[in-house]
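# Chains, contacts and geometry: an overview
Each chain, letter by letter, is given below.
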Amino acid sequence: MTTKNLFRDGRIRCALWVAFIGTLATLASCIVEPAGSPAYMAAPVVQGPVVVEEGLIYYPNYEVYYDPGARMYWYSHEGNWVRGPAPEGVSIDVLLASPSAHMDFRDSPANHHAVVVRQYP
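The structure contained in this document is the topic of the report that follows. (Residues numbered from 1 in each chain as written. Predicted model: local features only at pLDDT ≥ 70, side-chain atom pairs only at ≥ 80, totals over all residues. Heavy atoms only, no water.)

## Focus on the side chain of S98
Following the sequence through the fold, S98 ends up in the loop between helix 2 (92-97) and strand 5 (101-102). Excluding its chain neighbours within four sequence positions, the residues that come into contact with S98 are Y59, N61 and Y62. (Helix = DSSP H or I, 4+ residues; strand = E, 2+ residues; numbered from the N terminus. Contact = heavy atoms within 4.5 Å.)

Spelled out as structure tokens, the structure:
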């Protein structure tokens, strides 16, 4: 059996060097600088506009509140304040077409409704 030294062939050596250099270049591109160093630059996170509502929206004609953060409606049902995806007894389209007022609280309307009704009869 004859053995041939493959490394004496220039093409094989050249191919191995190219593979080695390519591996080094790939590894070099994976180096990440720690956060806070001058070379660190985080990729920006691009999202659509974010609208943050402060408080509930009150619809005085129906005594219904809307919580934009939770996307839920608060309304009185049998003497208790409940919330759900739609108010009971009125369609959302009718509600949205009626007058409204922005409230500066985000907790249950039960805590504020007596005062709100006096302000918005």
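Back to the write-up after that little detour.
## Quick word on the nonpolar core
Counting nine residues, the largest nonpolar core is built from L56, Y58, Y65, W74, W81, A101, M103, F105 and V116. In contact with M103, other than residues within four places in its own chain, are E54, G55, L56, Y58, Y65, V116 and Y120. Ranked by size, the runner-up nonpolar core spans eight residues in total, among them Y59, Y73, Y75 and L95. (Core = buried A, V, L, I, M, F, W, Y, C linked by side-chain atoms within 4.5 Å. Buried < 20%, exposed > 50% of the residue type's maximum accessible area, 1.4 Å probe, protein only.)

## Looking at unusual backbone geometry
Keep in mind that most residues, glycine aside, have a negative phi and that most peptide bonds are trans. A positive phi angle, near 50 degrees, is found at E63, a position not held by glycine. Note on placement: E63 falls in the loop between strand 1 (57-59) and strand 2 (64-67). Residue class for E63 comes out partly exposed when judged on its relative accessible area of 37%. One non-glycine residue, E78, adopts positive backbone phi at about 55 degrees. Relative to the assigned elements, E78 resides in the loop between strand 3 (72-77) and strand 4 (80-84).

## Some words on the environment of I92
Assignment of secondary structure puts I92 in helix 2. The partly exposed category is assigned to I92, whose relative accessible area is 29%. Along the backbone, I92 and Y73 are 19 residues apart, and their C-alpha atoms lie at a distance of 9.8 Å. Filtering out sequence-adjacent residues up to four positions away, I92 remains in contact with Y73, P85, A86 and P87.

## Overview of the packing of aromatic side chains
Summed over all chains, the structure comprises five aromatic pairs. With centroids separated by 6.0 Å and ring planes inclined at 55 degrees, the aromatic side chains of Y65 and F105 adopt a geometry described as tilted. Of this pair, Y65 sits in strand 2 while F105 sits in the loop between strand 5 and helix 3 (113-119); the two residues are 40 residues apart in sequence, bridging distant segments of the chain. For the pair formed by Y65 and F105, the shared burial category is buried. Of the aromatic side chains, those joined through ring pairs into one cluster are Y58, Y65, W81, F105 and Y120. (Phe/Tyr/Trp six-rings, centres within 6.5 Å; stacked < 30°, edge-to-face > 60°.)

## Quick word on the sheet that holds strand 3
Taken together, the five strands give an open sheet; going across it, the order is 4-3-2-1-5, and neighbouring strands pair in antiparallel fashion. In this open sheet, the two edge strands, each paired with only one partner strand, are strand 4 and strand 5. As paired elements, strand 2 and strand 3 share four bridges and run antiparallel to each other. The residue of strand 3 that forms the bridge with D67 is M72. (Pairing = 2+ DSSP bridges.)

Function-wise, these values are silent; they only describe arrangement.
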